[in-house]
Amino acid sequence: MSIRDTALSILGTINGAFERVLTWSQSPDFYFQLAAVVIASVLAIALARGAGRHAWFQPPGSDASKLRRALAKLKKALAPLFAIVLLSVASMLSASLGFKGWLIQVAESLVLLYLAYTIVHEFVTSSFVRMMVQWIGVPIALLVIFGYLDDVRTLLSSESMTFESGGINLSVYSIAKALISGMILFWLGRFSNTAGKEAIRRQDQLDIGTREVFAKMFEIGVFVLIFVLLLQVMGINLTALAVFGGALGVGLGFGLQQIASNFISGIILLLDRSVTIGDHVELEDGRSGTLRELNMRFGILETYDGKDIVVPNEQFITSKYTNWTHKDPKQRYSIEFQVAYATDLDALFSDLRALCEQHPMVLSGDDYALEYQPDAEIAGFGDSGIDVLVEFWMDDIDDGKNRVGADLMLSIYHLFRDKEAYEFPFPQREIRILGGSPPTDNPTT
């Protein structure tokens, strides 16, 4: 059937319905049902206003329970709820009197549709769901209520609205159905993907690397399933895509080999666990940061100055990098400075060890082995003074929120300022004149 024939058929149906309604509007049946609809609507509005004044339906305070907040939101749905009850009573009364009740049924369907829209608008926070209900759900429901859904579907599926592409027949109806189904499937997929990955990452009995592997595999599986379901909704035979898929695979192999390499590298990283979320990594070029996210294509290093470094997964496989905290979060740091040659080093070293032990983030005490205790020693002999090396261990990286090295240097400065026995040497040079007589205060000219 052509578009013209289908359109003429729909117009004929509409004209016939209009004539029947016009004839029926002059009968007592119509006036009874119209009066019943008007009375039910007025009573529903009055009952809703009266119930809305009740304390349960008033705007709640911050200490209100979830039930009371829900009832307050339900206040806008009171009128359609009462209208549905009253219209149901009117429909039963109309049937008992021998009337058809068509107008009451249509009004009841419209009120039910408005009730569903109100509930979605008040209780659903997802903008996608609201958009689907407003622009897709409501029009389809209206077509169902007035009985034109099958005619519209027949029109959109007719031969005149069907075209062929690559041996696949596609109609406007199948495309519209695929678009609507695709939006719903991808929304459900994203929702289930997020919920599924969160559930996997909450499994504390698995280490973080295994959780990430399962989470990524779950994500891939969800979207592959969505793609297959979408093809089935469109009515596309999967065997028809075999040749096209093979050619596409060869093209992707050459054109997207870098992406494929990063993808495979991401799987390797997640399996061998050489780098995991939370590790502090220093790249070969000197940039460093904490691994905040490890995707199937790249990892993100978060620096302490608020920047994100995007590192392709292949770089973790093919280039060198330093993982500071993967095996053990404890790190050793050192501070070097000079003191005068006349300094009592035994007393100074004792004060420096005590100074380090007082810092809350420096590892010290009987709970740690000797090699983890703070230490001070001679690093060398300089031109102007003795080079002193202070070493300490801490259970984190000395950067960002942890400024242990800077705190200790400030404490060392205060120590030297408060004790006159300790001093930082100034550059010193000894000059000797070889040969001749030394200069006098009053040289002769």
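Look up a bit, the structure's there.
Not measured: the values here are computed from a predicted model. (Residues numbered from 1 in each chain as written. Predicted model: local features only at pLDDT ≥ 70, side-chain atom pairs only at ≥ 80, totals over all residues. Heavy atoms only, no water.)

Caption draft 1: Inspection of the sheet that holds strand S6 (residues 308-312) at higher detail. Overall, antiparallel pairing links the five strands, which are arranged S6-S5-S4-S3-S7 in an open sheet. Each edge of the sheet is formed by a strand with only one pairing partner; in this case those strands are S6 and strand S7 (321-323). This sheet shows a mean twist of 40° between the axes of neighbouring strands, independent of strand direction. Where strand S4 (residues 288-294) lies against strand S5 (residues 298-302), four bridges are found, and the strand directions are antiparallel. For Glu 293, the partnering residue across the bridge sits in S5 and is Ile 300. (Pairing = 2+ DSSP bridges. Helix = DSSP H or I, 4+ residues; strand = E, 2+ residues; numbered from the N terminus. Axes fitted to C-alpha atoms, helices over the stretch in contact; angles between N-to-C directions.)

Caption draft 2: Here's a closer look at the pattern of salt bridges. Scanning the entire structure with this criterion turns up eight salt bridges. Close ionic contact of Asp 285 with Arg 287 constitutes a salt bridge, the shortest N to O distance being 2.9 Å. Where Asp 399 meets Arg 403, a salt bridge forms, and the shortest distance between an N and an O atom there is 3.5 Å. (Salt bridge = Lys/Arg side-chain N within 4 Å of Asp/Glu carboxyl O.)

Caption draft 3: Looking closely at the pairing of strand S3 (residues 280-283). One ladder, built from three bridges, connects S3 with S4; its direction is antiparallel. Bridging across to S4, Val 281 finds its partner in Gly 289. Between the end of S3 and the start of S4, which pair antiparallel, lie four residues, with Gly 286 showing a positive phi angle near 100°. As defined by bridge partners, S3 adjoins S7 across three bridges and the pair is classed as antiparallel. Its bridge partner being in S7, Glu 282 is matched across the sheet by Thr 322.

Caption draft 4: Focus on the environment of Lys 320. Counting through the fold element by element, Lys 320 comes out in the loop between helix H12 (313-318) and S7. For Lys 320, a relative accessible area of 66% translates into the label exposed. Between the C-alpha atoms of Lys 320 and Glu 284, which are 36 residues apart in sequence, the distance is 5.7 Å. Setting aside chain neighbours within four positions, we find Lys 320 in contact with Leu 283 and Glu 284. (Buried < 20%, exposed > 50% of the residue type's maximum accessible area, 1.4 Å probe, protein only. Contact = heavy atoms within 4.5 Å.)

Caption draft 5: Structural view of helix H8 (residues 172-201). Under the 1.5 Å per step criterion, the end-to-end length of H8 is 42 Å for 30 residues, consistent within 8% with the ideal 44 Å. Turning to H8, its buried residues number three or more, namely Ser 174, Ala 178, Ser 181, Gly 182, Leu 185, Gly 189, Asn 193, Gly 196, Lys 197 and Ile 200. (Expected span 1.5 Å × (residues − 1).)

Caption draft 6: Structural detail: the nonpolar core. The biggest cluster of nonpolar side chains holds 24 residues, and the ones touching the most others in it are Phe 337, Val 339, Leu 352, Val 390, Phe 392, Leu 408 and Phe 416. Breaking this core down by element, the ones donating at least two residues are strand S8 (331-339), helix H13 (345-357), strand S10 (386-394) and helix H14 (404-418). Among the elements that line this core, the one with the most residues is H13, at six residues. Once residues within four sequence positions are removed from consideration, Leu 352 is found in contact with Phe 337, Ala 376, Val 388, Val 390, Ile 412 and Leu 415. (Core = buried A, V, L, I, M, F, W, Y, C linked by side-chain atoms within 4.5 Å.)

Caption draft 7: Fine view of the environment of Leu 408. Its location among the elements puts Leu 408 in helix H14. For Leu 408, a relative accessible area of 1% gives the class buried. Each C-alpha atom, one on Leu 408 and one on Leu 352, is 9.3 Å from the other, the two residues being 56 residues apart in sequence. Non-local contacts of Leu 408, meaning those with residues more than four positions away in its chain, are made with Ile 335, Leu 355, Cys 356, His 359, Val 362 and Phe 392.

Caption draft 8: A look at the sheet that holds strand S9 (residues 375-381). Across the sheet, which stays open at both edges, the three strands sit in the order S8-S10-S9 with antiparallel pairing between neighbours. For this open sheet the edge positions go to S8 and S9, each flanked by a neighbour on one side alone. Across the sheet, the mean angle separating the axes of adjacent strands is 25° when strand polarity is ignored. As defined by bridge partners, S8 adjoins S10 across nine bridges and the pair is classed as antiparallel.

Caption draft 9: Fine view of the layout of surface pockets. Reported here for the second largest pocket is a volume of approximately 360 Å³. What lines the second largest pocket is a set of 17 residues, among which Ile 140, Leu 149, Tyr 173, Ala 176 and Ile 180 lie closest to the centre. Elements with a minimum of two residues in the lining of the second largest pocket: helix H6 (127-146), helix H7 (149-156) and H8. For the lining of the second largest pocket, the element with the highest residue contribution is H6, accounting for seven residues. Considered class by class, the residues forming the lining of the second largest pocket number 13 nonpolar, two polar and two charged. (1 Å grid on protein atoms, 1.4 Å probe; cavity = no way out; pocket = protein on both sides within 12 Å on 5 of 7 lines; lining within 4 Å. Points joined across faces, edges and corners; volume = space filled by probe spheres on them. Nonpolar A, V, L, I, M, F, W, Y, C, P; charged D, E, K, R; others polar.)

Caption draft 10: Main features of H13. Between its first and last C-alpha, H13 extends 18 Å over 13 residues, near the 18 Å set by a 1.5 Å rise per residue. Of all the residues in H13, the buried ones are Leu 345, Leu 348, Phe 349, Leu 352, Leu 355 and Cys 356. The buried residues of H13 occupy one face: seen down the axis, they fall within an arc of 125°. Where H13 is buried, its residues contact S8, S9, S10 and H14. (Arc of directions from axis to C-beta.)

Caption draft 11: Region of the structure containing the packing of aromatic side chains. Counted according to the given criterion, the structure contains eight aromatic pairs. Consider the rings of Phe 316 and Tyr 321, whose centres lie 5.4 Å apart with planes at 90°: the pair is edge-to-face. On the basis of relative accessibility, which here comes to 22%, the residue Tyr 321 falls in the partly exposed class. Taking the centre distance of 6.2 Å and the plane angle of 75° together, the rings of Phe 337 and Phe 424 count as edge-to-face. Of this pair, Phe 337 sits in strand S8 while Phe 424 sits in the segment after H14, and the two are 87 residues apart along the sequence. (Phe/Tyr/Trp six-rings, centres within 6.5 Å; stacked < 30°, edge-to-face > 60°.)

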